[in-house]
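These are the residues of each chain, in order.
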Amino acid sequence: MTSGLWELVLRGVWTTVQLLVLSALLAAAVSFTVGIARTSRLWIVRFLAGFYTEVFRGTSALIMIFWVFFVLPPAFGWQLVPLWAGTLALGLTYGAYGAEVVRGALNSVDPAQREGGIALSFTPWQRMRLILLPQAVPEMMAPFSNLLVELLKGTALVSVMGMGDLAFSGNLVRLALQESAEIYTYVLLIYFAIAFLLTRIMRGLERRLKAGLGRAPAPSRTWSLRRAAADTATVGAGTGGAR
């Protein structure tokens, strides 16, 4: 490919990364807000949060993008640029899935922890902030990592709006060169590289959070074998010395 076509692809990568970051931030805010609301003691709050979750989980992300970009603006007399339309549609959609992750993690905390907070006269917000969330957030990291990768793949849907993301730019290059196999292979590899980087970052964050709670992951098999060999050698040396 020529330098101009590579520049087009790189601009598409940058657009995809921008969309991923913005929609992930919106999805995270929605996830925690709705997920916490689903554990509320007020039935109306739980009902509204559950209704939102079911609507957005049961709706196609592609159709939601169409609705936000083509249907919503005429109703209010304004037009969203593709970046913000994609951010809104993807953030709200994947936020509904994230809300279930938050709800499940909060409900998995030992009830004795809640009772301890009540015994200490903590307010509901203090119990949530000081007791429940610090224990629940590490459990959310693995599901959130999967959702983040799914969100990355979902960003390709914005190409239907003519937005110059990686998928749209790759298709333009394919049309220019009339070469499908090579171009789509490059696009697949770029998506994989971004997804791999995201999973490594999330895995590292999960380890740090669990280590902060004294729940560091078990040592690797290689490390365990080396430690066992070292212990055996030490015992053997001690036995030989005793003789």
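Whatever comes next refers back to the structure up there.
Cut-offs used in this document
Residues numbered from 1 in each chain as written. Predicted model: local features only at pLDDT ≥ 70, side-chain atom pairs only at ≥ 80, totals over all residues. Heavy atoms only, no water. Core = buried A, V, L, I, M, F, W, Y, C linked by side-chain atoms within 4.5 Å. Buried < 20%, exposed > 50% of the residue type's maximum accessible area, 1.4 Å probe, protein only. Helix = DSSP H or I, 4+ residues; strand = E, 2+ residues; numbered from the N terminus. Contact = heavy atoms within 4.5 Å. Salt bridge = Lys/Arg side-chain N within 4 Å of Asp/Glu carboxyl O. Expected span 1.5 Å × (residues − 1). Bend = angle between axes of the 7 residues up to and from the residue.

Student: Got a sec to walk through the nonpolar core? Specific residues and values, please.
Tutor: The tendency in soluble globular proteins is for nonpolar side chains to be buried as a group. Counting residues in each nonpolar core, the largest one holds 55 residues, and the members touching the most others are Leu20, Leu90, Leu106, Met140, Phe144, Leu152 and Val158. Elements that contribute at least two residues to this core include exactly α1 (3–37), α2 (43–57), α3 (61–76), α4 (82–107), α6 (124–154), α7 (166–177) and α8 (180–212). Looking at this core, the element that brings in the most residues is α6, giving 14 residues. Each residue touching phenylalanine 144, except ones within four places of it in the same chain, is listed here: Ser31, Phe32, Gly98, Val101, Val102 and Met202.

Student: Mind laying out the pattern of salt bridges, listing which residues take part and the relevant values?
Tutor: Taken as a whole and judged by the stated rule, the model has six salt bridges. The partner of lysine 153 in a salt bridge is glutamate 150, with the nearest N and O atoms 3.1 Å apart. Of the two residues, lysine 153 and glutamate 150 are both situated in helix α6; the distance of three residues between them amounts to about one turn of the helix. On the accessibility criterion, glutamate 150 (36% relative accessible area) is partly exposed. For lysine 210, the salt bridge is made with glutamate 206, and the minimal N-O distance between the two is 3.2 Å. Taken as a pair, lysine 210 and glutamate 206 lie in helix α8 at a separation of four residues, close to a single helical turn.

Student: Let's hear about α6: which residues, and what values?
Tutor: Taking 1.5 Å as the rise per residue, α6 with 31 residues should run 45 Å; its terminal C-alpha atoms sit only 36 Å apart, a clear shortfall. The sharpest bend along α6 reaches about 50 degrees and sits at leucine 132, with the proline proline 134 one to four residues further on.

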